[in-house]
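# Understanding the architecture of this molecule
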Amino acid sequence: YNLLVIGGSQGAKIFGEVIPEAIRKLPQELQKKLTVTQQCRKADIEDVEPRYQDCACQVNISSFFKNMPELYTTSHLIISRAAAGLPSVLIPLPTAADDHQTANARYITGAKGGIAIPQKEFTPEKLASVLTDLFQNPQKLRQMSDNIRWAAITDASQRFADAVEKEIIAKR
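The following refers to the structure shown. (Residues numbered from 1 in each chain as written. Predicted model: local features only at pLDDT ≥ 70, side-chain atom pairs only at ≥ 80, totals over all residues. Heavy atoms only, no water.)

What follows covers the packing of helix H6 (residues 124-136) against helix H7 (residues 138-151). Angle between the axes and distance between the axes: these two values describe a pair of packed helices. Remark: H6 packs on H7, axes separated minimally by 4 Å, with the N-to-C direction vectors making an angle of 90°. Taken together, the axes of H6 and H7 lie roughly perpendicular to each other. The segment H6 lies against H7, with Asp-133, Leu-134, Phe-135 and Gln-136 engaging Pro-138, Lys-140, Leu-141 and Met-144. For the contact of H6 with H7, the residue count by class is five nonpolar, one polar and two charged. (Axes fitted to C-alpha atoms, helices over the stretch in contact; angles between N-to-C directions. Helix = DSSP H or I, 4+ residues; strand = E, 2+ residues; numbered from the N terminus. Parallel < 35°, antiparallel > 145°, perpendicular 65-115°, else oblique. Contact = heavy atoms within 4.5 Å. Nonpolar A, V, L, I, M, F, W, Y, C, P; charged D, E, K, R; others polar.)

This is the structure in structure tokens:
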């Protein structure tokens, strides 16, 4: 399984603390099947890398990945602050403006394309439980993938352009 971890512009320091510990809690046979690709702040790489030292999974850690389209298409699950059209475990940033990340997470979980974990509940034990369930039941992961495809807004740029055009016309 390919797990993609995207920390966002702030690098999600908590991801570097919780996720490696959660991975270590996974059954050994599951760890061996897992490749973790984790984006984090450059300043945090030296702290995050050793946290994966005892894991049986493959790990790629960087502050920037040039091959994001490839990573998205080859990942089975993403852990992030916001959805990206893939089955997701979402940890909304509680201080985000207008709490938009929680609203995004509600949309994704409502469509059954992801699982949201409030940051205050984001512990290694909780994440390990969720990951074990998903990776040991690939049909759940496939169903989440199908659901998120159905929920995707594929014409977002057109909708945005239409809204801008409507506003311009209304102000004439």
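We now examine the pairing of strand S2 (residues 35-39). With five of its five residues buried, S2 lies for the most part within the structure. Neither face of S2 is open: one carries Thr-35, Thr-37 and Gln-39, the other Val-36 and Gln-38, and all of them are buried. Here strand S1 (residues 2-5) runs beside S2; their pairing, made up of four bridges, is parallel. Residue pairing for S2: Leu-3 is matched across the bridge by Val-36. (Buried < 20%, exposed > 50% of the residue type's maximum accessible area, 1.4 Å probe, protein only. Pairing = 2+ DSSP bridges.)

Formed by 33 residues in total, the largest nonpolar core has its most connected members in Ile-23, Ile-79 and Leu-127. Of all elements in the fold, only S1, helix H1 (13-25), helix H3 (45-48), strand S4 (77-80), H6 and H7 reach the threshold of two or more residues within this core. Take this core: its biggest share by element is six residues, from H6. When neighbours within four sequence positions are excluded, Ile-23 is seen to be in contact with Leu-3, Gln-31, Leu-34, Val-36, Tyr-52, Cys-55, Cys-57 and Leu-131. (Core = buried A, V, L, I, M, F, W, Y, C linked by side-chain atoms within 4.5 Å.)

Moving on: the layout of surface pockets. Within this model, the largest pocket holds a volume of roughly 180 Å³. In terms of lining, the largest pocket is formed by Pro-92, Pro-94, Asp-99, Thr-102, Ala-105, Arg-106, Ala-116, Ile-117, Pro-118, Gln-119 and Lys-120. By residue number, the principal contributor to the lining of the largest pocket is helix H5 (residues 100-110), which donates three residues. Here the lining of the largest pocket is composed, by residue class, of six nonpolar, two polar and three charged. (1 Å grid on protein atoms, 1.4 Å probe; cavity = no way out; pocket = protein on both sides within 12 Å on 5 of 7 lines; lining within 4 Å. Points joined across faces, edges and corners; volume = space filled by probe spheres on them.)

On to the environment of Lys-32. Of note, Lys-32 is situated in the loop between helix H2 (28-31) and S2. Given a relative accessible area of 60%, Lys-32 falls into the exposed group.

It is worth spelling out the side chain of Thr-35 at this point. Its location among the elements puts Thr-35 in strand S2. Not counting residues within four places of it along the chain, the set of residues in contact with Thr-35 comprises Tyr-1, Asn-2, Leu-3, Gln-58 and Asn-60.

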